Each structure stands twice: as structure tokens, then as C-alpha cells.
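What follows is each chain in one-letter form.
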Amino acid sequence: MKKVYLKKNVFLLFFLFVFLFSNNVSSQVEFHYLPGFSTSLFDINNSGKAVSSSGVYDFILDTTVPMDTIAVSLSGINNNGDLIGTMPLNVNGNIIEQPAYKRNGVWHAVGYFPGYTDQATVSTAQISENGNFINGQMSTDCCSQQAFLYNTNTGVLEKIADTANLYSAGYSVNNTGIIGGWFDQQPGGGTLRVPAYMTTGSVVTAIPGSLPTSSVNAVNAINNSNIMVGDKDQKPFIYDLTNNTFTQFAIPSGYTSATFTSISDNGIAVGYCDKFDAVVNREAIIYHPNLGSQPVFLSVILNSFGITNFGTVDGKLGTAMAISPDGKYICGWDNNMSVFASGWAVSLKNLLFTSCFTICPDNITVVSLAGPKVVNYTVPSFICPTHPNATMVLASGLVSGSSFPIGTTTNVFNLVDSGITISTCSFDVIVNDFYCIPSIPLVEPITLLNFAGINNSSSVDSLLEYENFTTISGNVNQGGTYSSILKGTTNGDYTDYFTAFVDWNQDGDFNDISERYELGSITNSTGIDGIQATGSIHVPIDALLGTTTLRIIKTDGSYDTSYCNTGSSFMGQAEDYRLVVSTNLSVNSVGNSNLIYYPNPVKNKFYVSNNSEIELIEIYNVLGLKVISKTLNSKTAIIDLSDLKAGTYFVKTFIGNSITTLKMIKE
């Protein structure tokens, strides 16, 4: 399993002992998880006080105090403990929410823009650190949402609206009253939220650069140095208003978008990256130049301090929503909608820039049917601003590119400086000699497979969703095409479809485009009558030699597209066999000494000649698909390749009883 540890050298251990002995506060990073309904944390201050929608959480005490009964909801807190949220407002007998704030222990209602109705809406955002401003978005009716700025000293509520734009929103405000948010340009209809900053007098300014191409973008936060963070075209950015510098960052690998949600006064940005899945799938990120040129997962930082179990359902942090102005606390919620999610908070103390963080690869799982397998992996990387000469050293396990045995090999790497181990991480390379076991809820047996020397009849009464026939092997040659006959039961007058999967490149899965084949269907069969499906499988010319797996799956209603889990709506059965891939014994892969071909690489015309008659020429792409077939019965030929795309191809020439295969590059 993947593990990350932090080890202290002798000096650090001595310092830690003295520190603790003197009864100072522990210097360790801490993580608190708040399991329960709707405990999401939206903002946090330098004292570790954070707000949920219904209370104030104290990190040091690990307790939550419910909000005052006069309030309806909370959204922000500053270092003075001032709060922003909502209070009830009676409009013609209808109760709606209005923006409100608590300052010096007293709640104050803000009200709405003039002309509001009982359809007015509001979402509050933040209270500035000096308590002078609050902001958010409100409307006077159902649909006229605009950013607002409220001065708590003068009591002036201002609509921040540019007549050139339809809508706007404020997400953050700093001590000088600059708002971060977005405005909606709606060019030609639709939605186009442009990240922007705003000031009193309805001065709305887009961040530098061209308009975004995606519809949802925003400045999510601004600190007291006028540095803004947010997202544009699904990528996180930092904009420094003082220096007019805009920096956009990459989306972490494996995710489809990312954003920064908050930035501290000392320049630490936090946020999250996410995927477009059926459920919320986010992971918290953190950025500072001392941590590298791109955002890293917050979990990596916590792992380096020995915090590996977050208590969340999926093991991920989810959304990092806010960082305290001094950069010592971060809060957010797990992978659920914020209204339902469980919150969490982190205390980084002063250790973020005084420690080393090792970034381990994920565990690697591969399949090999013929013993040990060569596996390449990425050597762990690290962030270590305090040890610029540190290096990563393999302590145990095998180097990348080694032949890994069947089973689990744990690779342990140490981060070392001047002979002292600073941190350690490990990950597993798992070599299995089996593939995933398919899941088919209702069994309808396959009763016959006849293919490439395999002629296997199986029981019509089988109750097994998966049958392992890997002791039975067929033999195929590279570039060959083989027909198949299949039978099975259909449980009445229904149609079942046969799909084959072959792991030609022996990478442990059947995901590649040339590894799936549709082999026909049967209708209203008992499995022992004369009804059968026929199809064919072409072996790619570049299929790896040796033993691999053939998987046959029969499903009702349609061909199968997932070789592991066919889904709860399918009936059928899966069977596994072995195939031994060989070279075609009649193929001279070096080339017939009398065969002449040119040019190679070729642009359009390809010339072939031989002192004996060339009967047939076939050309295949790298997927093993035949793209040209030309009967010649001639000693010379000119093949027109102008319609082929650039790439690598294999040319087979049939001369007498021999077949010569050569590799050709099309420019």
C-alpha cells in the first residue's frame, strides 16, 4: 500500500523534545473531521474559528457553537470574530432572508436595494478583515441578481452593476472595499461569466486577457495585498492587481477542471480540482511558489505529516474552501453537495515552509500470464525548500524498468540530505496472473466456443456468471484472421450478443481499441439446438508474442462494452481462455532477398518488384485493420497511397507459398 512518513533528524528530534518539555503548544499539523449532516465549513480566521451555515466551529476546542437565534444562516468570519450571514425579513406577510452582519457582538440587518419584493433573494459572501465591508449578491425580484457592497460604518448599501452587463456577483471583499466576483456578458444569448473585480461607483473590471470560452468563471477571493484567485476556462489563476500580472496554472492530472477558492495574506492559495462524474468528485489543492510551480494535493502535505486517514467516505478531502489570512488554517468539506456534506479543518501551524513533502506514485497493478513482468514507474518527487540538495534514494524494492515477480513488491524511497533521511514514501507494484472477474447478475450460459483450435462445449445448466477455462488454449499468428462459432441459451424468445476481448498488448486490460470484437447474436436458443453465432477475429500484426487472454461475454439486448462489469440490466455469462500468439511461420520478417520496395518513407507512390510473380499485396494499420488489398499477379506494382493518413503501416506481399511482411512509414 502507498505510505508517506516524515522522519526527523537528530537536531530536529532534540529541538522537538525541548519544545514540548517547555510546555509550548504542539508543533504538529492537525486535521479535524466533522462527520454529520451539513457541517461544511465556509470560512476560517487566524484563531481557527470557522463558520458553517448554522454555527461557529472552534478548531482548538474542536466544538461548534450554534449561531444566534436571530440569524438564519452564516457564510463568513473575520479575525475579530465578526460574522456575515442572513436574518429574516417580513415582506407583506412573507418571510425572506436579508443580508446581515454581526459586529462587536451585535447583529445588524442590511435590507435590500430599493423596490424589492417578496421574491427578492440574497447570497452573502464575506466580511472584510477590518469589518468595514460585507458583500454578496442580491436581487429585488426573482431574477435581477447583482453584486452588492455594504459599508458597515456609513450604512450605505450599493448595487454594483454595469449597464453593459446583465448580472454580477461578489464572492469576496478586502479591507479597501475591492470585490472579487464575476459579471455576465451573455454575448449572443446564453451565459458567459467573466472573472472581474469591482469597486464602489459600479466600476467593474475584467481581469486581463481575452474573454473566457467556458461559461462559468470567477474571481473567488481577494486578499489585502490586492491579489486575486479564481478560475478561468476551468483552470486556476492568480492575478496581482498591483503588479498587473496574471498567472494561470495546470489542471492536476486525472481531473478535468480546477479552481482556487481562497488566498491568504502571505500568498498561499487553496482550492480544488474535480472530474465530471455522476457524483461529486473533488480533491483539495494548495499552491505557493515554495511548494513548486504548480498546485499540489493538500492530501500530499498532510500525508507527509503522517495524516493519511481523513475519515471521509472516499478517502479524499474534497473541497478546500478557505484559508485563514495568516495561512495557518484551511477548511472545507468532503465529497458531497455542501448543503449535505461533512466539514473538515486543518491546522498547518508554521510548518508549511519548514518541512519536506514527498509525492509518491499511486500503486501500480499489471497482469502477466508468463511470470515476472517489466514495469516502469515514476520515481517519487518531492518539495523541500529547506533542503535544496536533497535527493531521492531507493531504499528497498526494484528500480523502474525491472522485471517484477508475480505478487506485490513494495518500493521504499528515502529523501536524503547529507546522509540524513528527511522523509520516506512507499508504493506497491502488484503483478497479477489473473484479470478482473466479470459481474453478470443473471446467468444465461455460453454452451460452445469454437475458435483457433479451441472447441469447448460447456453446461447448459451452469449457474456460474464467470467460467474459467484458462487451461484451454488456442493458437493464432500475428496478422491472421480466424472465424468463430458460438452457442448459448437465451431464456426464451430473446436475443443475446457475443463480444470477444483479447489483450493483444498484454497490458492487463482490454481497453485498447483493437481488443474488442462483436461476434454475432442468437435468438430463441436452448443452447443445444442448431442456432449459433459466427464472427471473426483479426490478430493485429504487432500483437505481442506469447500467452494472453481471450474473454467471451454473452449479454442480452446488446453487445457488451465493459469487460469487467456488464451492469445490472444484463443477463448472460463470461468465459476466459488462453491464446498463444506466434509469428506466421511463412512470413519472412527480414524480407525476401529478391523483393525490392521503395521509397520508405513514402509520400504517395510505393513501388514493389520481385523476380517471381507477386500475387497479392495487403496493407494494415497499427491496429491490425486492413486498409488496402490489391491483387497483382505481376512481378512489379505501383501502389497509390495518397488516401492513407500519415503513420506506420505493415505491407504483406504474397509470393508463391511465402508471405513477406515489411514496415512502411507514410509521410
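Residues numbered from 1 in each chain as written. Predicted model: local features only at pLDDT ≥ 70, side-chain atom pairs only at ≥ 80, totals over all residues. Heavy atoms only, no water.

**Observations concerning the overall build of the protein**
Okay, so step 1: Helix and strand content of the protein: two helices and 53 strands.
Okay, so step 2: Taking 2.2 N^0.38 as the reference for a compact globule, 667 residues should give roughly 26 Å; the C-alpha atoms of the protein span a radius of gyration of 33 Å, well beyond that estimate.
Okay, so step 3: In the protein, which comprises 667 residues, the share counted as buried stands at 51%.
Okay, so step 4: Carbon and sulfur atoms provide 53% of the accessible area of the protein, an area that totals close to 29400 Å².
Okay, so step 5: On the protein, the mean spot of the 31 positive side-chain charges and the mean spot of the 51 negative ones are 8 Å from each other. (Helix = DSSP H or I, 4+ residues; strand = E, 2+ residues; numbered from the N terminus. Rg over C-alpha atoms; globule rule 2.2 N^0.38 Å. Buried < 20%, exposed > 50% of the residue type's maximum accessible area, 1.4 Å probe, protein only. Areas by Shrake-Rupley, 256 points an atom, 1.4 Å probe, with all protein chains shown as cover. Lys, Arg positive; Asp, Glu negative; His and termini not counted. Charge placed at Lys NZ, Arg CZ, Asp CG, Glu CD.)

**Observations regarding the sheet that holds strand β15 (residues 167-173)**
Okay, so step 1: Strand order across the open sheet formed by four strands is β15-β16-β17-β18, with antiparallel pairing between neighbours. With one partner strand each, in any of the chains shown, β15 and β18 (203-206) form the two edges of the open sheet. Each adjacent strand pair in this sheet contributes to an overall mean axis angle of 35°, direction not counted.
Okay, so step 2: Of the strand pairs in this sheet, strand β17 (residues 193-199) and β18 are connected by four bridges, and their pairing is antiparallel. Across the sheet, the residue bridging to Tyr-197 is Thr-205, located in β18. (Pairing = 2+ DSSP bridges. Axes fitted to C-alpha atoms, helices over the stretch in contact; angles between N-to-C directions.)

**Focus: the pattern of salt bridges**
Okay, so step 1: Inspection of the entire model under this criterion finds ten salt bridges.
Okay, so step 2: Taking the shortest distance from any N to any O, the salt bridge between Arg-282 and Asp-274 comes out at 3.9 Å.
Okay, so step 3: For Asp-274, a relative accessible area of 14% translates into the label buried. (Salt bridge = Lys/Arg side-chain N within 4 Å of Asp/Glu carboxyl O.)

**What to know about the sheet that holds strand β22 (residues 245-248)**
Okay, so step 1: Ordered by their spatial adjacency, four strands build an open sheet running β19-β20-β21-β22, and the pairing between neighbours is antiparallel. If you trace the sheet from one side to the other, it starts and ends with β19 (218-222) and β22, each paired once. Looking at each pair of strands side by side, their axes are set apart by 25° on average, direction ignored.

**A few points about the pairing of strand β25 (residues 282-287)**
Okay, so step 1: With five of six residues buried, β25 is to be regarded as a mostly interior element.
Okay, so step 2: Where strand β24 (residues 269-274) meets β25, six bridges bridge the pair, whose relative direction is antiparallel. Looking at β25, one finds that Gly-271 is bridged to Ile-285.
Okay, so step 3: Pairing of β25 with strand β26 (residues 296-297) involves two bridges; the strand directions are antiparallel. Bridge pairing links Ile-285 to Phe-297 in β26.

**Details of the packing of aromatic side chains**
Okay, so step 1: In this structure the tally under the stated criterion is 24 aromatic pairs.
Okay, so step 2: Here the aromatic rings of Tyr-112 and Tyr-116 are separated by 5.4 Å at their centres, their planes lie at 35°, and the arrangement is tilted.
Okay, so step 3: Of the residues examined, Tyr-116 reaches a relative accessible area of 34% and is grouped as partly exposed.
Okay, so step 4: An aromatic cluster is defined as three or more aromatic residues linked by ring pairs; in this entry it consists of Tyr-377, Phe-404, Phe-413 and Phe-427.
Okay, so step 5: When the ring centre of Phe-246 is taken as reference, the NZ or CZ atom of Lys-232 above it lies at 5.6 Å.
Okay, so step 6: One Lys or Arg, Lys-275, reaches over the ring of Tyr-255 and ends 5.0 Å from the middle of that ring. (Phe/Tyr/Trp six-rings, centres within 6.5 Å; stacked < 30°, edge-to-face > 60°. Lys NZ or Arg CZ within 6 Å of the ring centre and 35° of its normal.)

**With respect to unusual backbone geometry**
Okay, so step 1: The backbone phi angle of Asn-92 is positive, close to 55°, even though this residue is not glycine.
Okay, so step 2: Following the sequence through the fold, Asn-92 ends up in the loop between β8 (83-91) and β9 (94-103).
Okay, so step 3: Even without being a glycine, Asn-491 presents a positive backbone phi close to 60°.
Okay, so step 4: Tracing the backbone shows Asn-491 in the loop between β42 (481-488) and β43 (495-502).

**A closer look at empty space enclosed by the protein**
Okay, so step 1: This model, assessed by the stated rule, comprises one cavity of 30 Å³ or more.
Okay, so step 2: Put simply, the largest cavity is a space of about 30 Å³.
Okay, so step 3: In this structure, the largest cavity is lined by Gln-146, Ala-161, Asp-162, Asn-165, Tyr-167, Ser-168, Phe-183 and Val-204.
Okay, so step 4: Per-class residue counts for the lining of the largest cavity are four nonpolar, three polar and one charged. (1 Å grid on protein atoms, 1.4 Å probe; cavity = no way out; pocket = protein on both sides within 12 Å on 5 of 7 lines; lining within 4 Å. Points joined across faces, edges and corners; volume = space filled by probe spheres on them. Nonpolar A, V, L, I, M, F, W, Y, C, P; charged D, E, K, R; others polar.)

**Thoughts on the confidence of the model for the protein**
Okay, so step 1: When pLDDT is averaged along the protein, the result is 87, and 93% of the positions lie at 70 or above.
Okay, so step 2: Predicted confidence for residues 1-26 stays below pLDDT 50, and this span has 44 contacts to residues more than four positions away or in other chains.
Okay, so step 3: Of the regions scoring below 50 in pLDDT, residues 585-591 engages in ten contacts with residues more than four places distant in sequence or in other chains. (pLDDT = per-residue confidence, 0-100. Contact = heavy atoms within 4.5 Å.)

**Concerning the state of the cysteines**
Okay, so step 1: Considering all chains together, one arrives at three disulfides under this definition.
Okay, so step 2: The side chain of Cys-142 participates in a disulfide bridge whose partner is Cys-143; the two sulfur atoms lie 2.3 Å from each other. Disulfide Cys-142-Cys-143: torsion about the S-S bond near -90°, hence left-handed.
Okay, so step 3: We classify Cys-142 as partly exposed; its relative accessible area is 44%.
Okay, so step 4: Judged by relative accessible area, which is 40%, Cys-143 ranks as partly exposed.
Okay, so step 5: The side chain of Cys-360 participates in a disulfide bridge whose partner is Cys-425; the two sulfur atoms lie 2.0 Å from each other. Across the S-S bond of Cys-360 and Cys-425 the torsion is about 130°, and the bridge reads as right-handed. In this pair, Cys-360 sits in the loop between β30 (357-359) and β31 (364-367) while Cys-425 sits in strand β37 (residues 420-432), placing the two residues 65 residues apart along the sequence. In this structure, Cys-360 and Cys-425 share a single accessibility class: buried.
Okay, so step 6: Free cysteine: Cys-273, not disulfide-bonded; nearest cysteine sulfur from Cys-331 at 18 Å.
Okay, so step 7: For Cys-273, a relative accessible area of 0% puts it in the buried group. (Disulfide = S-S within 2.5 Å.)

**A look at the side chain of Thr-447**
Okay, so step 1: Relative to the elements of secondary structure, Thr-447 occurs in strand β39 (residues 446-451).
Okay, so step 2: Residue classification places Thr-447 among the buried residues on the basis of a relative accessible area of 5%.
Okay, so step 3: Not counting chain neighbours up to four residues away, the residues in contact with Thr-447 comprise Asn-456, Ser-457, Ser-458, Ser-459, Val-460, Lys-487, Gly-488, Thr-489 and Gly-527.

**A short note on the side chain of Asp-576**
Okay, so step 1: Mapped onto the elements, Asp-576 comes out in strand β47 (residues 571-582).
Okay, so step 2: With residues near it in sequence (within four places) discarded, Asp-576 still touches Tyr-466, Glu-467, Asn-468, Phe-469, Thr-470, Thr-549, Leu-550 and Arg-551.

**Points about the environment of Phe-427**
Okay, so step 1: Here Phe-427 lies in strand β37.
Okay, so step 2: Taking the C-alpha atoms as reference, Phe-427 lies 6.7 Å from Pro-361; in sequence the two are 66 residues apart.

**Points about the environment of Lys-635**
Okay, so step 1: Secondary-structure assignment places Lys-635 in strand β51 (residues 626-640).
Okay, so step 2: On the basis of relative accessibility, which here comes to 47%, the residue Lys-635 falls in the partly exposed class.
Okay, so step 3: Distance from Lys-635 to Glu-613, taken between C-alpha atoms, is 4.4 Å for residues 22 residues apart in sequence.
Okay, so step 4: Lys-635 has contacts with Val-608, Ser-609, Asn-610, Asn-611, Ser-612, Glu-613 and Ile-614, leaving out every residue within four places of it along the chain.

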